Amino acid sequence: MIFEIVFAEPSGLINGVLLALGVIQSPINFLTHPDSTLISIMLVTIWRGIGFYMVIFLAALQAVPEELYEAAAIDGANRFQQHLYITVPSIRPAIIFVAIISSISALKVFEEIFVMTDGSAGVLDSALTLMFYLYRQGFVNLNAGYAAAIAVIFTLVTLGFSIANLRFLERGTRDNRQ
């Protein structure tokens, strides 16, 4: 709900700052223009999840043994090579986990759209996602059977993305071990 204030037209925080600095001449319609609605909501979704993902990466980075870096430095590896051959392979499980859960989160975006567009999915349905469409069919149009079919398809698509993500990212892990 804070981002509703940030993106508000014409007197939101972003528009106010940009107008005061003279960067723009007229307010930007973040949530009422079809071309910018979904982008604005995507920025909110990224902001919402980035802290969680950074905590996971921080924990993974702290678990990398310092001795590996010392041994690599003795062997003549520079900082980039240490990052490429020690850090990235060591945090690969965290990368796989974040890739899978962020993909699932991107597929199931609903709350941000509902709150920021007042339940309308934006002008011309510019922010319509599968989850919002499911909600609309099930709870607005009262078409429960169709909504259930959408949910089943969504589950299968999510499962497919997760398996593809896992296989793709684990292939790189297997290649690095050999």
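Q: Is there a simple way to think about the layout of surface pockets in this case?
A: The gaps left among the atoms become clear once a water-sized probe is rolled over them. Its boundaries defined by the atoms lining it, the largest pocket holds a volume of some 410 Å³. When residues of the lining of the largest pocket are traced back to their parent elements, those giving at least two are helix H3 (34–62), helix H6 (92–107) and helix H7 (111–116). Take the lining of the largest pocket: its biggest share by element is 10 residues, from H3.

Q: Looking at this structure, I do not really get the packing of aromatic side chains. What am I missing?
A: Two aromatic rings are characterised by how far apart their centres lie and by the angle between their planes. For the coordinates displayed, the defined rule picks out 12 aromatic pairs. Judged by centre distance (5.5 Å) and plane angle (25 degrees), the ring pair of Phe 110 and Phe 114 falls under stacked. Grouped by ring-pair contacts, the aromatic residues Phe 110, Phe 114, Phe 132, Tyr 135 and Phe 139 constitute a single cluster.

Q: I would appreciate a short explanation of the packing of helix H5 (residues 79–90) against H6 in the present structure.
A: The interhelical angle for the contact between H5 and H6, taken along N-to-C directions, is 55 degrees, at an axis separation of 4 Å. Taken together, the axes of H5 and H6 are oblique relative to one another. Contact residues: H5 offers Val 88, Pro 89 and Ser 90, while H6 offers Arg 92, Pro 93 and Ile 95. Considered class by class, the residues forming the contact of H5 with H6 number 4 nonpolar, 1 polar and 1 charged.

Q: Just checking my understanding: could you explain the packing of H3 against H6 for this structure?
A: Axis angle and axis distance: for two packed helices, these are the angle between their axes and the distance between the axes, and together they describe the pair. Contact pair H3 / H6: the axes reach a minimum separation of 10 Å and the direction vectors enclose 170 degrees. When the axis of H3 is compared with that of H6, the two are roughly antiparallel. Across from Phe 52, Tyr 53, Ile 56, Phe 57 and Ala 60 in H3, the residues of H6 making contact are Ala 94, Ile 95, Phe 97, Val 98, Ile 101, Ser 102 and Ser 105. Looking at the contact of H3 with H6, its residues break down into 10 nonpolar, 2 polar and no charged.

Q: Help me out: how do you make sense of the side chain of Asn 165 in this one?
A: By the secondary structure assignment, Asn 165 is in helix H9 (residues 144–177). Apart from residues no more than four positions distant in its own chain, Asn 165 is found in contact with Ala 99, Ile 100 and Ser 103.

Q: Explain the pattern of salt bridges here, please?
A: Following the criterion strictly, the structure yields 3 salt bridges and no others. The salt bridge partner of Arg 48 is Glu 111, with a shortest N-O separation of 3.4 Å. Of the two residues, Arg 48 sits in helix H3 while Glu 111 sits in helix H7, which places them 63 residues apart along the sequence. Judged by relative accessible area, Arg 48 falls into the exposed class, the value being 54%. Relative accessible area serves as the criterion here: at 40%, Glu 111 is assigned to the partly exposed category.

Q: Before we go on, may I ask you to explain H5 in this structure?
A: Structurally, the α-helix is built with 3.6 residues per turn, so residues lying three or four positions apart point the same way. All of the buried residues in H5 are Gln 82, Ile 86 and Thr 87. With its buried residues spanning 85 degrees around the axis, H5 presents them on a single face. Across from the buried face of H5, at angles greater than 90 degrees, the exposed residues are Phe 80 and Tyr 85. Next to the buried residues of H5 lie H3 and helix H4 (66–74).

Q: What is the right way to look at unusual backbone geometry in this model?
A: Apart from glycine, the bulk of residues carry a negative phi angle, and the bulk of peptide bonds sit in the trans form. A positive phi angle, near 65 degrees, is found at Ala 121, a position not held by glycine. Here Ala 121 lies in the loop between H7 and helix H8 (130–140).

Rules and cut-offs
Residues numbered from 1 in each chain as written. Predicted model: local features only at pLDDT ≥ 70, side-chain atom pairs only at ≥ 80, totals over all residues. Heavy atoms only, no water. 1 Å grid on protein atoms, 1.4 Å probe; cavity = no way out; pocket = protein on both sides within 12 Å on 5 of 7 lines; lining within 4 Å. Points joined across faces, edges and corners; volume = space filled by probe spheres on them. Helix = DSSP H or I, 4+ residues; strand = E, 2+ residues; numbered from the N terminus. Phe/Tyr/Trp six-rings, centres within 6.5 Å; stacked < 30°, edge-to-face > 60°. Axes fitted to C-alpha atoms, helices over the stretch in contact; angles between N-to-C directions. Parallel < 35°, antiparallel > 145°, perpendicular 65-115°, else oblique. Contact = heavy atoms within 4.5 Å. Nonpolar A, V, L, I, M, F, W, Y, C, P; charged D, E, K, R; others polar. Salt bridge = Lys/Arg side-chain N within 4 Å of Asp/Glu carboxyl O. Buried < 20%, exposed > 50% of the residue type's maximum accessible area, 1.4 Å probe, protein only. Arc of directions from axis to C-beta.

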